[in-house]
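# Structural features, examined
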Amino acid sequence: MSIIFDNEKRTLTLHTKDTTYQMQVDAYGFLLHLYYGNRAQGCMDYLLTYHDRGFSGNPYDVGRDRTYSMDALPQEFPCYGNGDYRSSALVVQNENGTYSCDLRYKTHEIKKGKYSLPGLPAVYASEEEAQTLEVVLEDNVIGMEAVLYYGVLEKENIITRSVRLRNVGSQKMYLEKVQSACLDFLSGKFDVINFYGRHAMERNFQRTPVAHSNMVIGSRRGTSSHQYSPLLILAEHKATEKQGSCYAMNFVYSGGFKGEVEMDQFHQTRAMIGIQDETFRYPLEAGDVFFAPEVILTCTNKGLNHLSQNLHTCIRKHICRGRYRDEVRPVLVNSWEASYFQFDGESLCRLAAHASEAGIEMLVMDDGWFGKRDDDNSGLGDWYVNEKKLGMSLAELSRRIHALGLKFGIWVEPEMVNEDSDLYQKHPDWAFTIPGRKPVRARNQLVLDFSRKDVVDYIYDQICKVLDQGEIEYLKWDMNRSISDVYSAVTKDQGKVLYDYVLGLYDFLERLHNRYPDMLIEGCSGGGGRFDAGMMYYTPQIWCSDNTDAIERVRIQYGTSFGFPISTVGSHVSAVPNHQTGRSTPIGTRGTVAMAGTFGYELDLGKLTFEEKEEIRRQVQSYHRFAALIMNGNYFRLTNPFEEEVGAWAFVSEEQDQVLLNVVMLEVHGNMTTNYVRLQGLKPETMYREEGSGRVYSGAALMEVGIPILMEFGEYQSRQIYFTKAD
Ligand code: GLA
């Protein structure tokens, strides 16, 4: 049993293989958080201390006990209005304009299996793999019922959280803030690790000590964003990749979000994550229900690599779905950096012919095949094939690509419309614009109101009509601007539109997933602007960044790996000089870096030299050889490429008998000192044979002192070093 209720102590304890989470219903019915950490037995309420603390009020029902204050006690779901002045998980405005809420325990239920959330992505698991706890809290003055959901995946060391809010009263209320999960820590000194960035430079690593403040990250863009990843990690100061306590909160949602880490007046830490509240005001009429998106929690005392691996396994096996959850993805060539908008059917067939010679398995026709679209100023919304530009029908193109032995995929951007399009001429009111105001344009496009079912239905039908024209095995779903000018003509309550937009997006993707179960959908938002676990429920891989420079990608993929598995990271070999940075790197290095992801190419294969073509053929073979290890093995970050001269990472098989070490020389200097890369996750007592040299190494030595990376490598050079267990 992973979930235990102790009737006497009134504790609810969630055990995973290595961790324990405990809460307690106290004498007044408040649900207090007691513990989250390494697996532990017994009741942890001895951790709570009570003092008379000035300016920290006391609930009325504690009488004259001035030592009892919600301002100091650790809580599961802190709401505004019961005397806790820290940041709240729930803020409710009532019909009379007051802000008040006071949730008390009513009942709970322990169930087999993992709960799901209507219309929202969520971790899934079989009845044997998971259990669910539902704790019902209620405020019967305002008529609010909150059901806190906890999913426990024992083997994976994962606990998920979500909340269902229901208006059980008779008056309308507004949800002004709903954080999906809160972690209160009574003690401990933490660093917060988060991932910031910008377009073409996503998920940079940042580690800052938690201080007296409320540190906030998030997105007001309607998407999870390039600017901050919806992931918070708390690590004790001493925690490293290999050891120490750390906690992760990974938000399973693709819209705006808010992550907060606050150190309070008593040096206690509160971490929360949930939907962005600044433009959120969700109405609940009597009987209405609201579901908060899910948060994946995990913790370990074995360091950050282990923490990431817990998230990787959870996303790989319990978020990603469909055929391509487990199947190795086809190696693709994408037309974008090969020819941008300048292509026709014949040029694509030529690209496919080169691809086929190299062993590449799929051609993706990127932006520019529909409507009137020869640049990015027109055409979005007109999802019909531009046969004049292609010089052939989609069916004919698809047939010719398949005849070359390749699969075929196309690019779409369903959420968008250009003013210069037939769709906009017909339905200008379908685009977000505020009455009386000119909208903010971005990439010269506007955002369709996906909170409206009629809009989603129409675009869905148009896209299906295209998909049904040819054998299309892959769809790249793009989204190339941040949302603004949010106004929906079909509702009075504009504060719900952004949330409903995300539900509309998920509804569309769910329908596609069901109608085309064998189609691989790759997510994208100007690269990695919507790279989140919510999208991964529908799109098991996401284009990680519009930056294809191998050296920059080492850093972007390093940051990405903290929260997300390699199997979700879209990564391609592109031309040099690189189109984003102008840097030239060897083709071998571009291959090594792209192999830390779902591998592919994005360049004009016809322009390559004979040697480069040979190298690509070799790379594709090599990827096939290692793909299972890369997708299913444990991934280890071995250096920090923001600080070190060498970027290094390894894939280690579950059985610890195969290791693929990848090394990229990021910097070289005169009279260079030797870098030693230390491996991880090997068996110390096992001997490992390096394939290239045949040399045999001790697992312990490879982990303790490492392997020298010789300066002869040269700047931007790389190696893939494969070890197997020596018998
Ligand atoms: C975005 C994507 C690119 C490409 C273009 C097409 O920027 O990230 O990969 O598809 O759109 O317009």
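Scroll up for the structure.
Structural notes, computed from the coordinates. Within any chain, residue numbers begin from 1 and follow the written order of that chain's sequence. Side-chain atom pairs in this predicted model are given and counted only at pLDDT of 80 or more, local residue features only at pLDDT of at least 70, and totals for whole chains, interfaces and linings cover all residues. In computing side-chain values, all of the structure's heavy atoms are included and hydrogens and water are not.

## Considering the nonpolar core
In plain terms, the rule: By nonpolar core is meant a set of buried Ala, Val, Leu, Ile, Met, Phe, Trp, Tyr and Cys residues that side-chain atoms within 4.5 Å join together. Per-residue accessibility, obtained with a 1.4 Å probe over protein chains only, is compared with the maximum for each type, and a residue is labelled buried under 20%, exposed over 50%, and partly exposed between these values. Helix and strand definitions here come from DSSP, where helices need a minimum of 4 consecutive H or I residues and strands a minimum of 2 consecutive E residues; each element is numbered from the N-terminal end. Contacts are residue-level and defined by heavy atoms, with any inter-residue pair within 4.5 Å sufficient.
Leu165, Leu175, Phe290 and Trp369 are the most contacted members of the largest nonpolar core, which totals 200 residues. Examining the composition of this core, we find that 10 residues originate from one element, helix α8 (residues 497–515), more than from any other. The residues contacting tryptophan 369, other than those within four sequence positions of it, are Phe343, Trp383, Tyr384, Val385, Asn386, Ile410, Trp411, Val412 and Val466. In this structure, Phe636, Ala650, Val677 and Tyr688 belong to the second largest nonpolar core, which totals 23 residues.

## Things to note about the site of the ligand
Definition in use: One heavy atom within 4 Å of a molecule or strand is enough for the residue carrying it to be called near that molecule or strand. By the criterion applied in these results, polar contacts are pairs of N or O atoms within 3.5 Å in which, for protein atoms, one can donate a hydrogen and the other can accept it, and in which residues neighboring in sequence qualify only through two side-chain atoms. Under the convention used here, a 1.4 Å probe and the Shrake-Rupley method define accessible areas, while residue burial counts only the protein chains that appear. Under the scheme applied here, ten amino acids are nonpolar (Ala, Val, Leu, Ile, Met, Phe, Trp, Tyr, Cys and Pro), four are charged (Asp, Glu, Lys and Arg), and all others, including Gly, are polar.
Around the ligand sit 13 residues, and of these Asp366, Asp367, Lys476, Gly527 and Asp546 come closest. Between the ligand and aspartate 367, the relevant distance is 2.6 Å, taken from an oxygen atom to a side-chain nitrogen or oxygen of the residue. Between the ligand and tryptophan 543, the relevant distance is 3.4 Å, taken from an oxygen atom to a side-chain nitrogen or oxygen of the residue. Out of a free accessible area of 300 Å², the ligand has 96% covered by protein chains. Looking at the shell around the ligand residue by residue, the classes come out as four nonpolar, three polar and six charged.

## Section: the packing of aromatic side chains
Our working definition: Each Phe, Tyr or Trp ring, with Trp reduced to its six-membered ring, pairs with another whose centre is within 6.5 Å; inter-plane angles below 30 degrees give stacked pairs, above 60 give edge-to-face pairs, and intermediate values give tilted ones. In this scheme, the term charge over a ring applies when either NZ of a lysine or CZ of an arginine sits within 6 Å of the ring centre and within 35 degrees of the ring normal.
The final tally for this structure, using the stated rule, is 43 aromatic pairs. Ring centres 6.1 Å apart and planes at 25° place the aromatic pair phenylalanine 280 and tyrosine 282 in the stacked group. The exposure class assigned to tyrosine 282 is buried, which follows from its relative accessible area of 10%. Ring centres of phenylalanine 290 and tyrosine 499 lie 4.6 Å apart, and the angle between their planes is 45°; this geometry places the pair in the tilted category. Of this pair, phenylalanine 290 sits in strand β19 (residues 289–300) while tyrosine 499 sits in helix α8, and the two are 209 residues apart along the sequence. Joined through ring pairs, the aromatic side chains of Tyr21, Tyr36, Tyr150, Phe185, Phe190 and Tyr247 make up one cluster. Arginine 53 extends its terminal NZ or CZ atom over the ring of phenylalanine 266, reaching a point 4.2 Å from the ring centre. In this structure, arginine 321 is placed above the aromatic ring of tyrosine 537, and the distance from its NZ or CZ to the ring centre is 3.6 Å.

## Some details on helix α3 (residues 345–358)
Under the convention used in this document: Every helix has an expected span of 1.5 Å times one less than the residues it contains.
Helix length check: α3, at 14 residues, gives a terminal C-alpha distance of 20 Å against a target of 20 Å (1.5 Å per residue), a fit within 8%. What α3 keeps buried is the set Gly345, Leu348, Cys349, Leu351, Ala352, Ala355 and Ala358. Buried residues in α3 make contact with β20 (332–334), α2 (336–339), β21 (362–365), α4 (387–390), α5 (394–403) and α12 (610–632). The distance from a side-chain oxygen at the start of α3 to the backbone nitrogen of glutamate 346 is 3.1 Å, and the residue carrying that oxygen is aspartate 344.

## Some details on the sheet that holds strand β4 (residues 31–38)
Put simply, the rule is: Following DSSP output, two strands are said to pair if at least two bridges run between them. Interaxial angles span 0 to 180 degrees and are taken between N-to-C directions of axes, which are lines fitted to C-alpha atoms, for helices over the stretch in contact.
With respect to topology, four strands assemble into an open sheet ordered β1-β2-β3-β4, the strand pairing being antiparallel. Two strands bound the open sheet, and with one partner strand each, they are β1 (3–6) and β4. Strand-to-strand twist of the sheet, defined as the mean angle between neighbouring strand axes without regard to direction, takes the value 15°. Across four bridges, the pairing between β1 and strand β2 (residues 11–15) is antiparallel.

## A closer look at α12
What counts here: Given a residue, its bend is the angle between the two axes fitted to the seven residues that end at it and to the seven that start from it.
The first and last C-alpha atoms of α12 sit 33 Å apart over 23 residues, in line with the 33 Å expected at 1.5 Å per residue. At phenylalanine 626, α12 shows its strongest bend, of approximately 55°. For α12, the complete set of buried residues consists of Glu615, Ile616, Gln619, Val620, Ser622, Tyr623, Phe626, Ala627, Leu629, Ile630 and Met631.

## Some details on the sheet that holds strand β26 (residues 520–523)
Here eight strands make up a closed barrel; going around it, the order is β20-β21-β22-β25-β26-β27-β28-β29 and the pairing parallel. Each neighbouring strand pair of the sheet contributes to a mean axis angle of 30°, computed without reference to strand direction. Bridge count for strand β28 (residues 569–574) against strand β29 (residues 598–602) is five bridges, and the pairing is parallel. Looking across to β29, one finds that serine 574 is bridged to glutamate 602. Together, β28 and β29 form the strand contacts of helix α11 (residues 587–594), whose direction differs from that of β28 by roughly 170°. Each of β28 and β29 is contacted by α12, which is oriented at about 165° to β29, the strand it contacts most.

## Details of the packing of α3 against α5
The following threshold applies: Angle categories: roughly parallel below 35 degrees, roughly antiparallel above 145, roughly perpendicular from 65 to 115, and oblique for all the rest. For any pair of crossing helices, the crossing counts as left-handed if the nearer helix is rotated counterclockwise from the farther one by less than a right angle, and right-handed if it is rotated clockwise.
Two elements in contact, α3 and α5, have axes whose closest approach is 9 Å; the angle formed by their N-to-C orientations is 15°. Comparing their axes, α5 and α3 come out roughly parallel. The crossing of α3 and α5 is right-handed. Across the interface between the two elements, Gly345, Glu346, Leu348, Cys349 and Ala352 of α3 pack against Leu397, Arg400 and Ile401 of α5. Here the residues of the contact of α3 with α5 are counted per class, giving five nonpolar, one polar and two charged.

## Here we look at the pattern of salt bridges
This is how it is decided: The term salt bridge refers to a pairing of a side-chain nitrogen on Lys or Arg with a carboxyl oxygen on Asp or Glu at a separation within 4 Å.
Counted under the stated rule, the structure contains 48 salt bridges. Arginine 399 is paired through a salt bridge with glutamate 396; the nearest N and O atoms lie 3.2 Å apart. Residue arginine 399 and its partner glutamate 396 are located together in helix α5, separated by three residues, close to a single helical turn. Glutamate 396 sits in the partly exposed class, given a relative accessible area of 28%. Aspartate 457 is paired through a salt bridge with lysine 453; the nearest N and O atoms lie 2.9 Å apart. Here lysine 453 and aspartate 457 lie together in helix α7 (residues 453–467), a separation of four residues that amounts to about one turn. Its relative accessible area of 23% is what places aspartate 457 among the partly exposed residues.

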